[in-house]
Amino acid sequence: MKYMTTAEIREKYLKFFEEKGCKRMPSSSLIPDDPSLLLTSAGMVQFKPYFLHVKELDPAYVGTTTVQKCVRTNDIDIIGTTGRHLSFFEMLGNFSFGKYFKKEMCAWALEFSTQVLELPAERLYFTVFEDDDETIEIWKNLGVPEDHISKLGEDDNFWRAGPTGPCGPCSEIYFDQGPEVGCGKPDCKPGCDCDRFLEYWNCVFTQFDGQEDGTLAPLKTKNIDTGMGLERIAAIMQGVTNNYDTDVLRGLVAVGERLFGKTYKTDDATDLSLRIVADHSRSVTFMIADGILPSNEGRGYVLRRLLRRAVMHGHKLGIEGPFLSHYIEQIVNEMGHVYPEIVENRELVERVVASEEERFGATLRQGQAFLDEALSKLEGDTLSGKEAFTLHDTYGFPVEVTEEICAERGIKVDTAEFEACMEE
Ligand code: GLY
């Protein structure tokens, strides 16, 4: 397989769908124009009004194609511990609002995979939603062998951005990373929890508008919403099994290596911290560039939590003063040509980050000393909510960060008492 940089894959994808008649559109802001979502978490978010035909696409095009900056925050605490989870990622997408559907989409996804990326067809596997025999036939007619197609249920093969709105069954493409990456179980197949079969492309057949009461109302047209995680496909194209080993993220890990005088892949705790700072620095840069400021609620709180978690791991790596500007510089240099807003707003990003680093950095050491003492005196396995509140209120520790440090030592936090203190 030939090596491709992240930048090459991004451009080849957008060009491919432009040539199919899609309009190339810019990524939308991380602040969605949608009160049901805290942050933009998928390429389809900016296109919800088009799926609902509240807005119409210029009829000269068959659809749209984008690379969308996304932040997903449901699993911040496991970021860094795996090679797959990222808080910030780029999603390649193409979207149809009635002009093309399953047949075209499946053919194009296969064409792009095997002819542009030149992925070996024998390493591709396909899943469809449990009742979707039509898509099985489409894949078969495109030459996919029957034993490379399987059915999965709602958890894997029905996609929605939130509880309501445009959604539908989906068909996913997996790349077989080889038995040596997997669990070795005889029944290992796409959908298995292990890393062997890596899902890299999701083709959603957006046909429904999810209602408040849980029912699915048919949409006026049958649509396409696809998502391909850029970091995932970059890992495949670069022959690595961990997102942090791909060019862009490895470049950020290298910033940490230089800054902290460490070598990646020599010690687990160091690697974890290097990965966390590499990931969080991207979220933080893009969130601030889109106008999010650290605060104690909503998306501002997500930003503060990411920022403070990054600072804490920088301190773990041995740095005392501000350091994130070095990451911002690398991110702007690497990604500014795709997302001009991070170039335009670089000064704002640097100012906000430096001010948070200063504020939190000043109390971090004292907060850690307070927490160490509280834990040394602890009887039982739960830190009181009052102490978690002091850490929050006096030392600026987001409660989730306190929970994470405690969890490393097998200790829980009384979050109910913490909430009560916050109320008071
Ligand atoms: N919107 C499809 C996906 O994010 O997978």
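The structure we're discussing is the one just above.
Residues numbered from 1 in each chain as written. Predicted model: local features only at pLDDT ≥ 70, side-chain atom pairs only at ≥ 80, totals over all residues. Heavy atoms only, no water.

### With respect to the overall build of the chain
Okay, so step 1: The number of helices and strands found in the chain is 15 helices and 11 strands.
Okay, so step 2: Relative to a compact globule of 424 residues, whose C-alpha radius of gyration would be 22 Å, the chain shows 23 Å and is just as compact.
Okay, so step 3: With respect to the three principal axes, the spread of C-alpha positions in the chain is 65 × 45 × 45 Å.
Okay, so step 4: Each of the 424 residues in the chain was classed as buried or not, and the buried ones make up 55%.
Okay, so step 5: Within the chain, counting contacts between residues at least 6 apart in sequence, those at least 24 apart form 70% of the total.
Okay, so step 6: Of the roughly 18500 Å² of accessible surface on the chain, 47% is carried by carbon and sulfur atoms.
Okay, so step 7: Taking the average place of the 45 positive charges on the side chains of the chain and the average place of its 72 negative ones, the gap between the two points comes to 3 Å. (Helix = DSSP H or I, 4+ residues; strand = E, 2+ residues; numbered from the N terminus. Rg over C-alpha atoms; globule rule 2.2 N^0.38 Å. Buried < 20%, exposed > 50% of the residue type's maximum accessible area, 1.4 Å probe, protein only. Contact = heavy atoms within 4.5 Å. Areas by Shrake-Rupley, 256 points an atom, 1.4 Å probe, with all protein chains shown as cover. Lys, Arg positive; Asp, Glu negative; His and termini not counted. Charge placed at Lys NZ, Arg CZ, Asp CG, Glu CD.)

### Focus: empty space enclosed by the protein
Space left empty within the atom packing is revealed by a probe, the size of a water molecule, rolled over the atoms.
Okay, so step 1: The full count for this structure, using the stated rule, is three cavities of 30 Å³ or more.
Okay, so step 2: Looking at the largest cavity, its volume works out to about 70 Å³.
Okay, so step 3: Lining the largest cavity we find G83, R84, Q177, D195, L198, R232, A235, T241, N242 and N243.
Okay, so step 4: Residues that form the lining of the largest cavity fall into these classes: two nonpolar, five polar and three charged. (1 Å grid on protein atoms, 1.4 Å probe; cavity = no way out; pocket = protein on both sides within 12 Å on 5 of 7 lines; lining within 4 Å. Points joined across faces, edges and corners; volume = space filled by probe spheres on them. Nonpolar A, V, L, I, M, F, W, Y, C, P; charged D, E, K, R; others polar.)

### Quick notes on the site of the ligand
Okay, so step 1: Near the ligand the following residues occur: A42, M44, R72, M91, W159, N202, V204 and D225.
Okay, so step 2: One of the side-chain N or O atoms of W159 is found 3.5 Å from an oxygen atom in the ligand.
Okay, so step 3: In the environment of the ligand, an oxygen atom lies 2.9 Å from a nitrogen or oxygen atom belonging to the side chain of N202.
Okay, so step 4: Taking 200 Å² as the accessible area of the ligand by itself, protein coverage stands at 93%.
Okay, so step 5: Judged by its atoms lying within 2 Å of the grid points, the ligand is housed in the largest pocket.
Okay, so step 6: Tallied by class, the residues present in the shell around the ligand amount to five nonpolar, one polar and two charged. (Near = heavy atom within 4 Å. Polar contact = N/O pair within 3.5 Å; in protein donor to acceptor, adjacent residues only side chain to side chain. Sits in = over half its atoms within 2 Å of the grid points.)

### Side note on the nonpolar core
Okay, so step 1: Within the largest apolar cluster, 106 residues are counted, with the highest numbers of intra-cluster contacts made by W139, Y200, W201, I233 and L383.
Okay, so step 2: Apart from residues no more than four positions distant in its own chain, I233 is found in contact with I9, L117, L119, Y200 and M228.
Okay, so step 3: Counting 12 residues, the second largest nonpolar core, distinct from the first, contains M44, F47, L57 and F97. (Core = buried A, V, L, I, M, F, W, Y, C linked by side-chain atoms within 4.5 Å.)

### Concerning the pattern of salt bridges
Okay, so step 1: Following the criterion strictly, the structure yields 30 salt bridges and no others.
Okay, so step 2: Between K15 and E19 there is a salt bridge, and its shortest N-O distance comes to 3.4 Å. Here the residue K15 and the residue E19 both occupy positions in helix α1 (residues 6-19), the gap between them amounting to four residues, near one helical turn.
Okay, so step 3: For K15, a relative accessible area of 43% corresponds to the partly exposed category.
Okay, so step 4: Using a relative accessible area of 59% as the deciding quantity, one classes E19 as exposed.
Okay, so step 5: Where E257 meets R250, a salt bridge forms, and the shortest distance between an N and an O atom there is 3.1 Å.
Okay, so step 6: The exposure class assigned to R250 is partly exposed, which follows from its relative accessible area of 27%.
Okay, so step 7: Because the salt bridges share partners, they merge into one network encompassing E11, E18 and R24. (Salt bridge = Lys/Arg side-chain N within 4 Å of Asp/Glu carboxyl O.)

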